[in-house]
Amino acid sequence: MKSFKTKRKTQQVSVVGMGGIKFIRHGLESFHWQDFYHLLFTMSWAKLFGAISLAYIVLNIFFACAYAIGGDCIANAQPGYFPDAFFFSVQTMATIGYGAMYPTTPYSNFLVFVEVFVGLLGVAMATGLMFARFSVPSARVLFSKVAVICPYNQIPTLIFRTANQRNNLILESQITVTILMPEITPEGHNIRRLHDLKLVRSNTPIFSLSWMVMHPIDEKSPLYGLTSEDLAELEASIIVTLTGLDETVSQTIHSRYMYMNHDILWNMRFVDVIETLPNGDRKINYSAFHDVVDYS
């Protein structure tokens, strides 16, 4: 059988996290300029501040060199003296204009024109990027570190729980659970296919404290008849996605998690973490959120 390989550009290795699992992606093309905004949007705050600071310094050095080449083109500055040219560039780019130094030749006036234009664009882009990053809504949703399989209404049931860690409500919350398992087609293609898991309740109008997510393992379930050894052999993984409307910012938020086969405990149940107080209030103990005990 002949095989064909296409020529690829410079490749890179990237790591994508999902829950407690990391996926190492190899063989993709290297960075593309169309991804520049996405890169700035997803990099850490420390790297972003470092990149902006570096760009600011490099631009000022570039214009300072241009002013220094012009000789005696800046009033009250030593001709060709780099520090004076650099700090004049800083004042110009920031549109400070102290008045002590100012352009005196057509050459320096043209450079000021170009630098002010570049500075305005740079400030607008940096400000927009900062605002966009701060305004993106985020969720603080806690998922139990493990999932359990135990009887519920006399039916084996896959159970895990999730909680809202903020002191507000997530409205119209919806949760989707799928299982990823390998499958061989009649033609011999080895693929990994997603199967939806039907839940006892897949949505809730108000998500405030804790949500026990349950999937009955009946005849229609992809998990029907499987054992823990079967899941380990299949290297099955369960993918959970949760979406809802944050009542504070009135925007859609989402969260995700993944359970591997070794995160699924059989014949165990979760410790009860919700307590009803005498006055009718509800108390939830998050310190025991991940705890399980033997089913009895």
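An account of the accompanying structure is given in this report.

Definitions and limits used
- Residues numbered from 1 in each chain as written.
- Predicted model: local features only at pLDDT ≥ 70, side-chain atom pairs only at ≥ 80, totals over all residues.
- Heavy atoms only, no water.
- Helix = DSSP H or I, 4+ residues; strand = E, 2+ residues; numbered from the N terminus.
- Buried < 20%, exposed > 50% of the residue type's maximum accessible area, 1.4 Å probe, protein only.
- Contact = heavy atoms within 4.5 Å.
- Areas by Shrake-Rupley, 256 points an atom, 1.4 Å probe, with all protein chains shown as cover.
- Patch = residues over 30% accessible without salt bridge, like charges linked within 9 Å, V, L, I, M, F, W, Y side chains within 5 Å.
- Salt bridge = Lys/Arg side-chain N within 4 Å of Asp/Glu carboxyl O.
- Polar contact = N/O pair within 3.5 Å; in protein donor to acceptor, adjacent residues only side chain to side chain.
- Axes fitted to C-alpha atoms, helices over the stretch in contact; angles between N-to-C directions.
- Parallel < 35°, antiparallel > 145°, perpendicular 65-115°, else oblique.
- Nonpolar A, V, L, I, M, F, W, Y, C, P; charged D, E, K, R; others polar.
- Expected span 1.5 Å × (residues − 1).
- Pairing = 2+ DSSP bridges.

### Overview of the overall build of the protein
- What the protein contains, in helices and strands, is five helices and 16 strands.
- Across the 296 residues that make up the protein, the buried fraction comes to 33%.
- Contacts in the protein between residues far apart in sequence, at least 24 positions, make up 62% of those at least 6 positions apart.
- A total accessible area of about 19300 Å² is found for the protein, and carbon and sulfur atoms account for 59% of it.

### Quick word on a nonpolar patch on the surface
- The grouping of Tyr 56, Ile 57, Ile 61 and Phe 82 at the surface amounts to a nonpolar patch, some 330 Å² of accessible area in total.
- With respect to the helices and strands, Ile 57 occurs in helix α2 (residues 45-69).

### Examining the side chain of Thr 162
- Along the chain, Thr 162 turns up in strand β5 (residues 155-164).
- From its side chain, Thr 162 meets the backbone oxygen of Leu 142 in a polar contact 3.0 Å long.
- The residues touching Thr 162, leaving out its near neighbours within four places in the chain, are Val 141, Leu 142, Phe 143, Phe 207, Leu 209, Ser 210, Trp 211, Val 213, Leu 242 and Phe 289.

### Brief notes about the side chain of Thr 157
- Within the secondary structure, Thr 157 sits in strand β5.
- Exposure remark for Thr 157: the relative accessible area of 1% places this residue in the buried category.
- A polar contact of 2.8 Å, which involves the side chain of Thr 157, links it to the backbone oxygen of Ile 155.
- With near-sequence residues (within four places) excluded, Thr 157 lies in contact with Val 148, Ile 149, Cys 150, Tyr 152, Met 214, His 215, Pro 216 and Ile 217.

### Things to note about the packing of helix α3 (residues 82-93) against helix α4 (residues 106-135)
- Running from N to C, α3 and α4 cross one another at 55°; their axes reach a closest spacing of 8 Å. Taken as axis vectors, α3 and α4 run oblique relative to one another. Taken together, the residues of α4 that come into contact with α3 (itself represented by Phe 88, Ser 89, Thr 92 and Met 93) are Val 112, Glu 115, Val 116 and Gly 119.
- Here the contact of α3 with α4 is built from residues that sort into four nonpolar, three polar and one charged.

### Things to note about α4
- For α4, with 30 residues, the first-to-last C-alpha span of 43 Å sits near the 44 Å given by 1.5 Å per residue.
- Of the positions making up α4, those classed as buried are Ser 108, Leu 111, Val 112, Glu 115, Gly 119, Leu 129, Met 130, Ala 132 and Arg 133.
- Buried positions along α4 lie against α1 (36-42), α2 and α3.

### Structural notes on the pairing of strand β6 (residues 170-184)
- Relative to strand β8 (residues 203-207), β6 is paired through four bridges, and the arrangement is antiparallel. When the bridges of β8 are listed, Ile 170 appears paired with Phe 207.
- Alignment of β6 against strand β10 (residues 237-246), held across nine bridges, turns out to be antiparallel. Pairing of Ile 170 across the sheet is with Asp 246, part of β10.
- In this structure, β6 lies alongside strand β7 (residues 190-196), joined through seven bridges in antiparallel fashion. Across the sheet, Ile 179 pairs through a bridge with His 195, a residue of β7.
- Remark: five residues form the turn of the hairpin made by β6 and β7, two consecutive strands paired antiparallel; Gly 188 in that turn has positive phi of roughly 95°.

### Quick notes on the pattern of salt bridges
- All told, the structure shown has one salt bridge when counted by the stated rule.
- Arg 193 serves as the salt-bridge partner of Glu 183, at 3.0 Å between the closest nitrogen and oxygen. Taken together, the residues Glu 183 in strand β6 and Arg 193 in strand β7 connect sequence positions ten residues apart.
- With a relative accessible area of 37%, Arg 193 lands in the partly exposed category.

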